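The primary structure of each chain is shown beneath.
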Amino acid sequence: MIERFHLAFRAGLINRFGEIPTASKLAIEFNLRNFQSKPISRETARKWINGQSIPETTRLKTLIAWLDLDASFIYSTTVTEKASIHVAIESEQDRAKVDAYGRRKIEMLAQAALNFVTPLAAVLNSEGVIILVNSAWRSAAMLYPKLKGGSLGCEGVNYLAVCEKAMGPGSEEANKVARSIRAVIAENTKTFTSKYPCHSNGDKRWFEVKVSAYKHFDDVCCVVIHMPITEATFKKKN
């Protein structure tokens, strides 16, 4: 259980703070929200961060609520522990649980790693549907009015369709990105890079978009990254 808590906990910290906070900061922030047990020390916070200990039940519930942790993952059945020590799995139902645990573990590690990427980053499946975004992408989507609080620009949304249906200023570049994504997915050795302006409400901004793909067995996924750049960089030859 301590391994599952550590994976979920560190991913939750990154989603909340954008990075792993110091033990002092974590202790202060936790104690401001902890009304059911005694305050924790900096040393306790350090052990949580480093995966050396797990909170007792009351504190764990506070962390789950505060960091929006997946309680079902943390408290998942001990059949996952059997798999980790190579004990035989007796039923297909148990095997399914182990497989689900493995996928969840990989997903959480991928999310934590993606959140360390400063540019806006998203992973699409072969159909162009967003399956994972990082914190920077999510924050930008939530602030963009046309995306309705991020609901039209994060997981589950077909990014290809959004780009292809774009209208008005910037639509030409969006259509170009959509065509490039299709090309990259069709031939996953390709990459695509382009620069574009993104001005709104008197605020002038420029970005560089990069599209690449990777193949895992028969599945092809596409990574889309939008990097803020300066006007001078934008004016350089693309």
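All residue numbers refer to position in the chain's written sequence, counted from 1. For a predicted model such as this one, the threshold for reporting local features is a pLDDT of at least 70, and the threshold for listing and counting side-chain atom pairs is 80 or more; totals across whole chains, interfaces and linings nevertheless cover every residue. Note that the side-chain values use all heavy atoms of the structure and ignore hydrogens as well as water.

**Considering the overall build of the chain**
So, step 1. Elements are defined by DSSP. Helices are runs of H or I of four residues or more, strands are runs of E of two residues or more, and each kind is numbered from the N terminus. A count of helices and strands for the chain gives 11 helices and five strands.
So, step 2. Per-residue burial for the chain yields a buried fraction of 37% across its 238 residues.
So, step 3. For the accessible areas, the method is Shrake-Rupley and the probe is 1.4 Å, while residue cover comes only from the protein chains on display. In the structure as shown, the chain presents an accessible area of about 14200 Å², 55% of it carried by carbon and sulfur atoms. Each residue gets one of three labels from its accessible area relative to the maximum for its type: buried under 20%, exposed over 50%, partly exposed in between, using a 1.4 Å probe on protein chains only.

**Some details on the environment of Ala186**
So, step 1. Tracing the backbone shows Ala186 in helix H10 (residues 171-186).
So, step 2. Considered as a pair, Ala186 and Ser126 are 60 residues apart in the sequence and their alpha carbons are 8.6 Å apart.

**Thoughts on helix H1 (residues 2-17)**
So, step 1. The terminal C-alpha atoms of H1, which comprises 16 residues, lie 22 Å apart, in line with the 22 Å expected from a rise of 1.5 Å per residue.
So, step 2. Residue Gly18 follows H1 closely and has a positive phi angle near 85 degrees. Each residue after the first adds 1.5 Å to the expected span of a helix.

**Digging into the side chain of Lys195**
So, step 1. Among the secondary structure elements, Lys195 is positioned in strand E3 (residues 192-197).
So, step 2. The convention is simple: Lys and Arg are positive, Asp and Glu are negative, and His and the chain ends are not counted. Should a side-chain nitrogen of Lys or Arg be within 4 Å of a carboxyl oxygen of Asp or Glu, the pair is scored as a salt bridge. Notably, Lys195 is buried but unbridged: the nearest opposite-charge side chain belongs to Glu208, and the N-O separation is 5.0 Å.
So, step 3. Counted as a polar contact is a pair of N or O atoms within 3.5 Å, where, for protein atoms, one must be capable of donating a hydrogen and the other of accepting one, and residues adjacent in sequence contribute only when both atoms are in side chains. One polar contact links the side chain of Lys195 to the main-chain carbonyl oxygen of Thr233, over a distance of 3.0 Å.

**Section: the packing of aromatic side chains**
How two aromatic rings sit relative to each other is given by the distance of their centres and the angle of their planes.
So, step 1. By convention, a stacked pair of Phe, Tyr or Trp rings (six-membered ring in the case of Trp) has centres within 6.5 Å and planes under 30 degrees apart, an edge-to-face pair has planes over 60 apart, and any other such pair is tilted. Applying the stated criterion across every chain yields a total of six aromatic pairs.
So, step 2. Their ring planes at 90 degrees and their centres at 6.3 Å tell us that Phe9 and Trp48 sit as a pair that is edge-to-face. Remark: Trp48 occurs in helix H3 (residues 42-50) and Phe9 occurs in helix H1; sequence separation between them is 39 residues.
So, step 3. The class of Phe9 is buried, set by a relative accessible area of 0%.
So, step 4. By relative accessible area, Trp48 is classed as buried at 2%.
So, step 5. Ring geometry for Tyr196 against Phe207: centres 5.7 Å apart, planes inclined by 15 degrees, an arrangement best described as stacked. Of this pair, Tyr196 sits in strand E3 while Phe207 sits in strand E4 (residues 206-216), and the two are 11 residues apart along the sequence.
So, step 6. Since its relative accessible area comes to 13%, Tyr196 is described here as buried.
So, step 7. Exposure remark for Phe207: the relative accessible area of 9% places this residue in the buried category.
So, step 8. Among the aromatic side chains, those forming a connected cluster through ring pairs are Phe5, Phe9, Phe30 and Trp48.

**Quick look at the pattern of salt bridges**
So, step 1. Applying the stated criterion to the full structure yields seven salt bridges.
So, step 2. Among the salt bridges present, the one from Arg33 reaches Glu29, with a minimum N-O distance of 2.9 Å. Taken together, the residues span about one helical turn, with Arg33 and Glu29 both in helix H2 (residues 23-33) at a distance of four residues.
So, step 3. Taking the relative accessible area as the measure of exposure, Arg33 reaches 33% and is therefore partly exposed.
So, step 4. A salt bridge links Glu43 to Arg46; its shortest N-O distance comes to 2.4 Å. Of this pair, Glu43 and Arg46 both sit in helix H3, separated by three residues, roughly a single helical turn.
So, step 5. Of the residues examined, Glu43 reaches a relative accessible area of 39% and is grouped as partly exposed.

Just geometry here; none of it tells us what the structure is for.
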